[in-house]
Amino acid sequence: LCALPNGVRMEKVTTEVRRAPRFKVVLRVQVTGIDRTPVLRQGDISASGLFLELDRDVGAVGSVQRLVLRTEDEDGPGLVVLARVVRVATIDDY
């Protein structure tokens, strides 16, 4: 069961076999030390991870970043999480 705040749009992603279902999501994300303000980003989320499309380098694989996640219409303090970079792909990889 998953309860979502207003403003979160989700669509199930079914192109790969995964441990947990993944859902498309649009969030305002601030990478501490990199973004001055939250940036609207697309990606997908599951019980085991979060994928985000970013327009800049946030660190090497294995590095840990502090993220502040907010829904599109949320102005509150947001959800603060620590995220480990597990894969980096660029447009050139595709």
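Undergrad: Which residues make up the overall build of the protein chain, and what values go with them?
TA: When you go through the protein chain residue by residue, the secondary structure sums to zero helices and six strands. Its helices and strands in sequence order give the protein chain the pattern β-β-β-β-β-β, from N to C terminus. The buried share of the protein chain, reckoned over its 94 residues, is 27%. For the protein chain, contacts bridging at least 24 residues in sequence account for 38% of all contacts bridging at least 6. Surface exposure of the protein chain reaches about 7000 Å², of which carbon and sulfur atoms provide 53%.

Undergrad: Go over the nonpolar core, please, and point to the residues and values.
TA: Core analysis: the largest hydrophobic core is formed by nine residues, namely V25, L27, V29, V31, L52, V58, L67, L69 and V85. Elements that contribute at least two residues to this core include exactly β2 (22–31) and β5 (64–70).

The rules behind these values
Residues numbered from 1 in each chain as written. Predicted model: local features only at pLDDT ≥ 70, side-chain atom pairs only at ≥ 80, totals over all residues. Heavy atoms only, no water. Helix = DSSP H or I, 4+ residues; strand = E, 2+ residues; numbered from the N terminus. Buried < 20%, exposed > 50% of the residue type's maximum accessible area, 1.4 Å probe, protein only. Contact = heavy atoms within 4.5 Å. Areas by Shrake-Rupley, 256 points an atom, 1.4 Å probe, with all protein chains shown as cover. Core = buried A, V, L, I, M, F, W, Y, C linked by side-chain atoms within 4.5 Å.

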